[in-house]
Amino acid sequence: MFRWVVLIWGMLVLLVVMPSAGWIVWTEHNPDQERDIRVMVQEHLEQWFPEAMSLPPGQVGFIPRGGASADGIPDVVLIHGLDEPGGIWDDLLPVLTAAGVTAWEFRYPNDQAVDHSADLLATHWADLDGTAPVVLIGHSMGGLVIRDFVSRWRHPVAATPQVAGPAVAGVILVGTPNQGSEWARLRAWLEVREWLADIPQGQFSLWAGLRDGTGAAKIDLRPDSAFLETLNQRPWPSVMPVQVIGGQIAEPTPAMQRSLDMLSEELGIEDLGERVEAWWSTTGESLGDGVVPVASLAFKGASEPVIVTASHRGLLVRQPFSDQHPPAISLIVHQLQVWGTGGMAPLEIP
């Protein structure tokens, strides 16, 4: 009897695992076709279930943040990255407010195709009332949304702007994988993190993983993606200043070090910490901020990236078990002051 139970369970596992494995193998060799399928699924779901697929108010479009009012005009617009649960700007916003900078956030389905997110930004751009130029600040994939929007919609080189609304005075990219990131393949774990963040806010839904997009962004973020190839071939407007900020984890975090110490004791390997530290020092640039390698930060038309010691989210958010102030924040405020944002004369951008 036991053998029959084992056999039945084994067959059930195979029925689940084999198709999944086949899908994974196929998608690794056919990323463009996988992207087309994911985009098509999202479009059909939005047509068939428009109410369920609509993001709740406050999770799409422009949202005043940091004490700003809906009647005001933003000095900066913040754009988050892939599967971001919403806290990435929480440490930056009070600093911007104290510096006299009015900040709004643009929210969008955060794992749909990147060019679709740029299109959505273009659709909403004229909602920004006023003629004063705006600075765009993007974290991670949000920087790619900005680049696509600026170079294709608002300030295309040798072409007429395709959207009305404020000019873009400058761009700040924080931890943006301009040449892609292999970590995008693991976006399923980011989706779980976002779900967990939604539960305390009462925003969790079985539709949540679909109305945020169907995962086409993870394909766009791959280093060899067609999207990045097209984006990086498109010229960047020479009059548009860009500040690129990236992170590099110089050494294991305190939490990681404690884990290594415990593991070293369990395994009886006295020099495990030293081995890891030696490996870390030789792979720092390829490791980058833990998600985006240093080599992935640069793109043609941008200034040389400024590299600080920080993890991907640690660039902007204070991390557990760490007293370090997020190092990108002071760089952002300084750059805004250089550009004259927050009550001072804005840049003249055509």
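Keep in mind that this is a model prediction, so the values were computed, not measured.

Caption draft 1: Representation of the overall build of the protein in the model. In terms of helices and strands, the protein carries 13 helices and 7 strands. In the protein, buried positions account for 47% of the 350 residues. Contacts in the protein between residues at least 24 apart in sequence constitute 79% of all its contacts with a sequence separation of at least 6. With an accessible surface of roughly 17700 Å², the protein has 62% of that area assigned to carbon and sulfur atoms.

Caption draft 2: Main features of the pairing of strand 6 (residues 242-248). With 6 of its 7 residues buried, strand 6 lies for the most part within the structure. Pairing of strand 5 (residues 168-174) with strand 6 involves 4 bridges; the strand directions are parallel. Within strand 6, the position partnered with valine 174 by the bridge is isoleucine 245. Bridging between strand 6 and strand 7 (residues 306-309) involves 4 bridges; their strand directions are parallel. In the strand pairing of strand 7, glutamine 248 is matched with threonine 309.

Caption draft 3: Spatial organisation of the packing of helix 5 (residues 141-154) against helix 9 (residues 226-233). Running from N to C, helix 5 and helix 9 point in directions that differ by 50°, and their axes come no closer than 10 Å. The pairing of helix 5 with helix 9 is recorded here as oblique in orientation. Both helix 5 and helix 9 take part in a crossing whose hand is left-handed. Judged by residue contacts, Leu144, Arg147, Asp148 and Ser151 of helix 5 engage Phe227, Leu228, Leu231 and Asn232 from helix 9. The residue makeup of the contact of helix 5 with helix 9, split by class, is 4 nonpolar, 2 polar and 2 charged.

Calculation rules
Residues numbered from 1 in each chain as written. Predicted model: local features only at pLDDT ≥ 70, side-chain atom pairs only at ≥ 80, totals over all residues. Heavy atoms only, no water. Helix = DSSP H or I, 4+ residues; strand = E, 2+ residues; numbered from the N terminus. Buried < 20%, exposed > 50% of the residue type's maximum accessible area, 1.4 Å probe, protein only. Contact = heavy atoms within 4.5 Å. Areas by Shrake-Rupley, 256 points an atom, 1.4 Å probe, with all protein chains shown as cover. Pairing = 2+ DSSP bridges. Axes fitted to C-alpha atoms, helices over the stretch in contact; angles between N-to-C directions. Parallel < 35°, antiparallel > 145°, perpendicular 65-115°, else oblique. Left-handed = near helix turned anticlockwise from the far one by under 90°. Nonpolar A, V, L, I, M, F, W, Y, C, P; charged D, E, K, R; others polar.

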